Amino acid sequence: MMGEAIDWTMARFLLDVSQVVGLLGVSAYAWWINRHRATGKAIEQANERIDVLERRVDGVDHDLRHRPSSDELRDLWRKLDETNQGLAHAASTNEALGKQLSLVHQHLLEQRK
């Protein structure tokens, strides 16, 4: 055993192979870690967008729950129509009273002469 010479070429080859295998292992590990980190960031960003959308949907849902129903809107329109008719009647009555007052006033003025 002592008499054998060390094959430096083979030792160099094995060292080169071990370096390449180590480099490939480190490269694969770095790729794997970066892939998971990027996936984690994408998931975090998606969660943030989902949270924003949930808040918006909750706001819309709140608004929709408090909006008047079709029956309530129909009643409101009916009441507005009744109010408009009442105002039109009051306006015509006021106009008629104004004309009558003008006639009475003119009659009184003509009696003074």
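Above this text sits the structure in question.
Just so you know, the residues in each chain are numbered from 1, in the order the chain's sequence is written. Whole-chain, interface and lining totals are the exception, using all residues; otherwise, since this is a predicted model, local features are given only for residues with pLDDT of at least 70 and side-chain atom pairs are given and counted only at 80 or more. Only hydrogens and water are set aside; all other atoms, that is, all heavy atoms of the structure, feed into the side-chain values.

A.B. asks: Can you tell me about a nonpolar patch on the surface, naming the residues and giving the values?
C.D. replies: A cluster of nonpolar residues, M10, F13, L14, V17 and V21, forms a patch on the protein surface that exposes about 470 Å² of accessible area. Runs of E in the DSSP output that reach at least two residues are strands. Runs of H or I that reach at least four are helices, and both are numbered from the N terminus. Within the secondary structure layout, V17 lies in helix α1 (residues 8–65). Patch construction takes residues with relative accessible area above 30% that form no salt bridge. Like charges are linked within 9 Å, and nonpolar side chains (Val, Leu, Ile, Met, Phe, Trp, Tyr) are linked within 5 Å. Only the protein chains shown count as cover for residues, with accessible areas throughout obtained via the Shrake-Rupley method and a probe of 1.4 Å. A pair is scored as a salt bridge if a Lys or Arg side-chain nitrogen falls within 4 Å of a carboxyl oxygen belonging to Asp or Glu.

A.B. asks: Can you break down the pattern of salt bridges residue by residue, with the values?
C.D. replies: Tallying each qualifying case throughout the model produces five salt bridges. Among the ionic pairs, D71 bridges to R74, the shortest N-O distance being 2.7 Å. You can see D71 and its partner R74 sitting in helix α2 (residues 70–112), three residues apart, about one turn around the helix. We call a residue buried when its accessible area falls under 20% of the maximum for its residue type, exposed when it is over 50%, and partly exposed in between, using a 1.4 Å probe and counting protein chains only. Taking the relative accessible area as the measure of exposure, D71 reaches 48% and is therefore partly exposed. Judged by relative accessible area, R74 falls into the exposed class, the value being 52%. Across the salt bridge formed by K99 and E95, the nearest N and O atoms sit 3.7 Å from each other. With K99 and E95 both in helix α2 and four residues apart, the pair spans about one turn of that helix. Under the relative-accessibility criterion, K99 is labelled exposed at 53%.

None of this, on its own, says anything about what the molecule does.
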